[in-house]
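Chain by chain, the residues:
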Amino acid sequence: MKKSAYLSDILFTFFLTGLFTLCVFRHLKTPLILAFVLATVCGLLAACSCAAFLKSKRNAFLLKRSDEALRQKLFLHLPLLGDEEKTKLFETALTNSQTAEVKRCGKLRLQTEEANYFLLFRFAPVTADEIARLSRLKTSKQKVVLCERIEENAKGLCAKLHMEVKTGEWVFDFLKSQNALPKRFLGDELPETKHKRVFRLCFAKTNARRFFVSATLILLMSLITPFPYYYLVFGGILLLTALFIRIFGYSR
């Protein structure tokens with residue numbers, strides 16, 4: 001929610017509540033000054049309630065959007081991560097979540113007293129063939145597949161074979177609850193690289209036309225305004241900027 005919309009909603013609530021309660025108090029024969037004071041108090045209470053509600057709603061929205069961004073980064077990070085690092089990440093998270101010992105029992109496999117965990121994080125969904133291959137592993141413990149996505153037929157096969165499937169939403173919530181999310185995600189753009197990219201976009205040669213058009217419009221406005229100097233100065237600055245970018249700007 002934009003700040004302007006947030007403030008306008010609060011003001012609207014204040015004036016609407018104040019006007020309505022003022023009419024009610026005057027209808028009840030309350031003196032004008034007292035009615036105005038009471039209506040103002042009611043308006044302020046309603047505005048404060050509205051502000052608290054909108055703020056909590058906005059914070060929830062921002063938190064959800066932040067979590068979604070982290071989730072996308074995580075499931076780009078995990079397929080790019082090496083098998084050893086991936087196994088260590090989930091070993092740490094599982095160890096933090098329970099008192100039982102967590103052991104490695106093979107490539108991308110972890111074992112606790114109750115379950116065997118299989119880490120299948122890749123860009124493509126888990127297939128039924130992969131589930132069939134895991135089903136041939138002999139164990140008396142519960143088999144749990146951790147992945148981002150799984151095909152429907154593979155999911156159905158897991159149900160028939162009594163294998164649990166934990167997909168993207170569960171994996172993200174689990175790692176977050178155990179404070180095991182990576183500090184830096186693979187594939188994430190470095191701040192220095194991002195700043196350079198933004199700088200190059202701002203000073204790309206193709207932007208010269210936009211600066212030139214803006215400068216032309218502002219200079220034309222100086223012909224019909226009673227205060228032309230302001231338009232002439234800023235129009236001239238934009239014109240020089242367009243020339244500078246055209247000559248020294250970056251090619252895209």
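Everything below is about the structure shown above.
Computed from a predicted structure; not experimentally measured.

1. Some remarks on the pattern of salt bridges
Evaluation of the coordinates by the stated rule reveals 6 salt bridges. Salt-bridge contacts for R104 lead to E84; the nearest nitrogen and oxygen are separated by 2.6 Å. Residue R104 is located in strand β1 (residues 103–104), and its partner E84 is located in helix α3 (residues 83–97); the two are separated by 20 residues in the primary sequence. Ionic pairing is found between E164 and K166, a salt bridge with its closest N-O pair at 3.5 Å. A relative accessible area of 22% means that K166 is categorised as partly exposed. Each of the salt bridges in this network shares a partner with another, and the network as a whole consists of E84, E91 and R104.

2. Comments concerning a nonpolar patch on the surface
A contiguous nonpolar patch, built from F212, V213, L217, L220, M221, L223, I224 and L239 and spanning about 810 Å² of accessible area, is present on the exposed surface. At 5 residues, the largest contribution of residues to the nonpolar patch is made by helix α8 (residues 208–221). Positionally, M221 belongs in helix α8.

3. What to know about the environment of E130
On the secondary structure map, E130 appears in helix α4 (residues 128–135). Placed 10 residues apart in sequence, E130 and L120 show a C-alpha to C-alpha distance of 9.2 Å. Ignoring anything within four residues of it in the chain, the contact list for E130 reads R122 and P125.

Parameters and conventions
Residues numbered from 1 in each chain as written. Predicted model: local features only at pLDDT ≥ 70, side-chain atom pairs only at ≥ 80, totals over all residues. Heavy atoms only, no water. Salt bridge = Lys/Arg side-chain N within 4 Å of Asp/Glu carboxyl O. Helix = DSSP H or I, 4+ residues; strand = E, 2+ residues; numbered from the N terminus. Buried < 20%, exposed > 50% of the residue type's maximum accessible area, 1.4 Å probe, protein only. Patch = residues over 30% accessible without salt bridge, like charges linked within 9 Å, V, L, I, M, F, W, Y side chains within 5 Å. Areas by Shrake-Rupley, 256 points an atom, 1.4 Å probe, with all protein chains shown as cover. Contact = heavy atoms within 4.5 Å.

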